[in-house]
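# Fold and contact review
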Amino acid sequence: MKPAIQIISERISQAIQKATGQNVPAIVTPATDSKFGDYQSNNALALAKQLKANPRQLAEKIIAQLQIDDICQKPEIAGAGFINLRLKPEFVAKNLRETVSDKDRLGIEKTNKPETVVVDFSGPNIAKQMHVGHLRSTIIGDCICRMLELAGHKVIRQNHIGDWGTQFGMLVEFLKERLEKLFNSHSVEWTAGPIEDIEDFYRQASEQYKNNTEFAGKARTTIADLHSGNPACLELWQMIVTETRRHYLPLYKMLGVNLTINDERGESFYKDKLADVVNDLKKQGLAVESEGAICVFPEGFKTKDDKPMPFIIQKSDGAFLYATTDLAALRYRINELKADEIIYVTDARQKQHFEMLFAVAKMAGWVKDTKLVHITFGSVLGEDGKPLKTRSGENVKLKELLDEAVKRAKAVVQEKNPDLPDDEKENIAQSVGIGAVKYADYSNNRTSDYIFSYDKMLAMDGNTAPYMQYVYARVCSIFKKGNIDIKKELNEIKEIYLNEPAEFELAKQLIRYSEAFNSAIADFKPNFLTAYLYELAQKFSAFYNACPVLDAQEKIRPSRLLLCDLTAKIIRHGLENLLGIKTIERM
Ligand code: ARG
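Before going into details, it helps to say that this report is about the structure given with it. (Residues numbered from 1 in each chain as written. Predicted model: local features only at pLDDT ≥ 70, side-chain atom pairs only at ≥ 80, totals over all residues. Heavy atoms only, no water.)

Further remarks concern the overall build of the protein chain. For the protein chain, the helix and strand inventory stands at 21 helices and 13 strands. The dimensions of the protein chain, computed from C-alpha atoms along their principal axes, are 85 × 70 × 40 Å. Out of the 587 residues in the protein chain, the part that is buried amounts to 52%. Summed over its atoms, the accessible surface of the protein chain is roughly 28000 Å², and 48% of this surface lies on carbon and sulfur atoms. Distance from the positive charge centre (79 side chains) to the negative charge centre (80 side chains) of the protein chain: 4 Å. (Helix = DSSP H or I, 4+ residues; strand = E, 2+ residues; numbered from the N terminus. Buried < 20%, exposed > 50% of the residue type's maximum accessible area, 1.4 Å probe, protein only. Areas by Shrake-Rupley, 256 points an atom, 1.4 Å probe, with all protein chains shown as cover. Lys, Arg positive; Asp, Glu negative; His and termini not counted. Charge placed at Lys NZ, Arg CZ, Asp CG, Glu CD.)

Close contacts around the ligand come from Asp 120, Gly 123, Asn 125, His 134, His 160, Tyr 322, Asp 326, Tyr 344, Thr 346, Gln 350 and Phe 354, and that covers them all. Contacts to the ligand include Asn 125, whose side-chain N or O atom sits 2.9 Å from a nitrogen atom. Tyr 322 is positioned such that a nitrogen or oxygen atom in its side chain is 2.7 Å from a nitrogen atom of the ligand. Class assignment of the residues belonging to the shell around the ligand gives a composition of 3 nonpolar, 6 polar and 2 charged. (Near = heavy atom within 4 Å. Polar contact = N/O pair within 3.5 Å; in protein donor to acceptor, adjacent residues only side chain to side chain. Nonpolar A, V, L, I, M, F, W, Y, C, P; charged D, E, K, R; others polar.)

Looking now at the state of the cysteines. A complete count under the given rule lists 0 disulfides for this structure. Counting only cysteine sulfurs, Cys 564 is the nearest neighbor of Cys 476, a cysteine outside any disulfide, at a range of 11 Å. Here Cys 564 is not cross-linked by a disulfide; its sulfur's nearest cysteine counterpart is in Cys 547, at 9.5 Å. (Disulfide = S-S within 2.5 Å.)

Before going further, it helps to spend a moment on the nonpolar core. One finds Ile 8, Leu 87, Leu 96 and Ile 343 to be the most contacted residues of the largest nonpolar core, which totals 155 residues. If we ignore the near neighbours within four places in the chain, the residues touching Ile 8 are Val 28, Tyr 39, Ile 68, Ile 71, Cys 72, Leu 85 and Leu 87. If you look at the next biggest cluster of nonpolar residues, it comprises 36 residues, including Leu 286, Ile 342, Leu 357 and Trp 366. (Core = buried A, V, L, I, M, F, W, Y, C linked by side-chain atoms within 4.5 Å. Contact = heavy atoms within 4.5 Å.)

In this section: the side chain of Lys 425. Structurally, the position occupied by Lys 425 is in helix H14 (residues 422-443). The exposure class assigned to Lys 425 is buried, which follows from its relative accessible area of 5%. Here Gln 414 takes part through its side chain, which lies 3.1 Å from a polar atom of the side chain of Lys 425. Other than its neighbours up to four places away in sequence, Lys 425 contacts Lys 410, Val 413, Gln 414, Asn 417, Pro 418 and Leu 420.

Think of two packed helices as two axes; the pair is described by the angle between the axes and how far apart they sit. Between helix H19 (residues 513-522) and helix H20 (residues 527-546), whose axes approach to 8 Å, the crossing angle comes to 155 degrees. Our classification of the angle between H19 and H20 gives roughly antiparallel. H19 and H20 meet at a crossing whose hand is right-handed. Of the residues in H20, those touching H19 at Tyr 513, Ala 516, Phe 517, Ser 519 and Ala 520 are Phe 528, Leu 529 and Tyr 532. (Axes fitted to C-alpha atoms, helices over the stretch in contact; angles between N-to-C directions. Parallel < 35°, antiparallel > 145°, perpendicular 65-115°, else oblique. Left-handed = near helix turned anticlockwise from the far one by under 90°.)

This part is about the pattern of salt bridges. Using the criterion set out here, one finds 38 salt bridges in the structure. Glu 505 is the partner of Lys 539 in a salt bridge, and the nearest nitrogen-oxygen pair spans 3.8 Å. Of this pair, Lys 539 sits in helix H20 while Glu 505 sits in helix H18 (residues 501-510), and the two are 34 residues apart along the sequence. Judged by its relative accessible area of 28%, Glu 505 falls in the partly exposed class. The partner of Glu 576 in a salt bridge is Arg 572, with the nearest N and O atoms 3.8 Å apart. With Glu 576 and Arg 572 both in helix H21 (residues 557-578), this residue pair falls 4 residues apart, about one helical turn. In this structure Arg 572 comes out as partly exposed when scored by relative accessible area, which is 37%. Salt bridges sharing common partners tie together Asp 38, Glu 505, Lys 508, Glu 535 and Lys 539. (Salt bridge = Lys/Arg side-chain N within 4 Å of Asp/Glu carboxyl O.)

Moving on: unusual backbone geometry. Phi is positive for Glu 291, close to 50 degrees, though the residue is something other than glycine. Along the chain, Glu 291 falls in the loop between strand S7 (287-290) and strand S8 (293-296). By relative accessible area, which is 84% here, Glu 291 ends up exposed.

Glancing now at the packing of helix H7 (residues 195-211) against helix H8 (residues 213-227). Closest axis-to-axis distance for the H7/H8 pair is 6 Å, and the angle between their directions is 110 degrees. Relative to H8, the element H7 is oriented roughly perpendicular. The two elements H7 and H8 meet at a crossing, and its hand is left-handed. Here H7 contributes Ala 205, Gln 208, Tyr 209 and Asn 211 to the contact with H8, which in turn contributes Thr 213, Phe 215, Ala 216, Ala 219 and Arg 220. The residue makeup of the contact of H7 with H8, split by class, is 5 nonpolar, 3 polar and 1 charged.

This brings us to the pairing of strand S11 (residues 371-375). Of all 5 residues in S11, 4 are buried; the element is thus mostly enclosed. For the handedness criterion, the β-α-β arrangement of strand S10 (residues 341-345), helix H12 (residues 351-363) and S11 is classed as right-handed. (Right-handed = clockwise from strand over helix to strand, strands pointing away.)

Moving on, we come to helix H10 (residues 274-283). Every buried residue of H10 is accounted for by Leu 274, Val 277, Val 278 and Leu 281. Looking straight down H10, one finds that the buried residues subtend no more than 90 degrees of arc, so they occupy a single side. The secondary structure elements touched by the buried residues of H10 are S7, S8, strand S9 (311-314), helix H11 (322-335) and H12. Positive backbone phi, at 75 degrees, marks Gly 285, one or two positions downstream of H10. (Arc of directions from axis to C-beta.)

With that settled, consider the environment of Arg 333. If you trace the backbone, Arg 333 turns up in helix H11. Exposure remark for Arg 333: the relative accessible area of 0% places this residue in the buried category. Between the C-alpha atoms of Arg 333 and Val 117, which are 216 residues apart in sequence, the distance is 9.6 Å. The residues contacting Arg 333, other than those within four sequence positions of it, are Val 118, Asp 120, Gln 158, His 160, Tyr 270, Lys 338, Ala 339, Ile 342 and Tyr 344. At 2.9 Å, the side chain of Arg 333 and the side chain of Asp 120 are in polar contact.

This next bit is on H7. Between its first and last C-alpha atoms H7 spans 24 Å; for 17 residues at 1.5 Å apiece the expected length is 24 Å, and the two agree. Every buried residue belonging to H7 is among Ile 195, Ile 198, Glu 199, Phe 201, Tyr 202 and Ala 205, and all of these are buried. For H7, the angular spread of the buried residues around the axis is 155 degrees, confining them to a single face. Residues of H7 that are exposed and point over 90 degrees away from its buried face: Arg 203 and Asn 211. (Expected span 1.5 Å × (residues − 1).)

Below, the discussion takes up the packing of aromatic side chains. Tallying each qualifying case throughout the model produces 14 aromatic pairs. Considering the side-chain rings of Tyr 248 and Tyr 252, the 5.6 Å spacing of their centres and the 55 degrees angle between planes classify their relative orientation as tilted. Here Tyr 248 pairs with Tyr 252, and both are found in helix H9 (residues 231-255), just 4 residues apart, close to one helical turn. The exposure class of Tyr 252 is buried, given its relative accessible area of 1%. (Phe/Tyr/Trp six-rings, centres within 6.5 Å; stacked < 30°, edge-to-face > 60°.)

Printed below as a string of structure tokens:
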């Protein structure tokens, strides 16, 4: 189903063509104020400049050619030459029916150009807990995948975990020594412990690496052993990976993020492809030695003191780097995964890394038609406006952050609804707590920093998950009340009445779901979805305050029930299918 804005745009373009002979894209936007109608076009203004004509007269000419009376009331000209458009209730009613009957998509169209899109997101680092910095990549990446899938693309999720690199040399060496000690003391049972232990080993290993030259030497031998595939070293390394996975996979589940072990292609996956990357770039004369390291100097990148900026792909000791792995991954995604587009979701600090990566891959001729996109996001800040940290100055652990949100949600449920069964209380607390963290993140423009505040995100009013979940539960409660056969009324609905202003406003919002979706996916901005859902919830509340539903006249009741039903369906679809946030039937 085409969104109204798109049909209107097409009609405006046709009218301009007829009136002026010009072939220009229509500029149609939702009206800034409902006083001016529903949509607005400022094409006449833009075109008048170009044609040196009077904008109001040009607007009149366009309107004279505009065939739009099946959709809108008579267009009006306002101000310097804006064309204001108001939807007709008949058109809205027809659209509403089509939206309801489009059960799985609620009006959202499929693309006519399905592509294979690789989305690289989350990317936690092995031997460390996920921290707040991974929250945004993980949930924004997930939302991007969900939107692309709904639009009909083939999405390949890639979790580029940080599981390879020199740090594993010291970690494996440390574990080896520890293991020997354990064996010597005859306590043979040993497995890598929970993630906290591994983090502690990591700390101790780094300490020793710095302060103990003998250990540092051994760690260097161990990294060489690990990289050349020594089975004992690989086994220890595998243990660390497995244990870290036991930490982050449950977090994905808790977050409602669709990432499984099958989506993992960590850095280690590319280990045998790194030498080729360097050799190919050398052969092409693109990689050169500079101060002992092998570097590529893509055009246009300068250091602070205006020298060419190196993209380092091999260190003087022979070690490969993050950049080398990313080049290998990019080639793999183009050649093996057949990506039409690759989207990387990381924070803005990696902007230059990806710009250089794309530039080098293009220089090497590895990118034919594949579109390369880096989707960035701002930082999560504490209430003091500085990056969120614990009191001792460490990154806040994601698990602790989420647990705290659930705990606080639980306290609210306990206070408001002490008589609910325990497992329901727990379920509500999970859905509200996690939903609140995710929704607060999504509702901010992703490119901005935002302040993390439990109080704000858990508030029952405002643009928050609990408010959306509450409105959803409220609509559900209507259907539970009353002894009317609602299914039957909805099935046998004859006419849709949109006479009350609040009714009409809600109906217009309901048919705009696909429009909101299109804006969100165009720029991969989930905040367009949350803003739409929030406006929908507000319009529903206004409608519900102004218009009786169950007590409405029998003639009108089915039509009002339909408005309620579709409101619930869209909120649920938006929250669950696109944002991965759970709804609850009572709160
Ligand atoms: N592990 C990296 C980090 O924590 C993120 C990986 C992003 N993806 C990539 N292909 N470089 O910053």
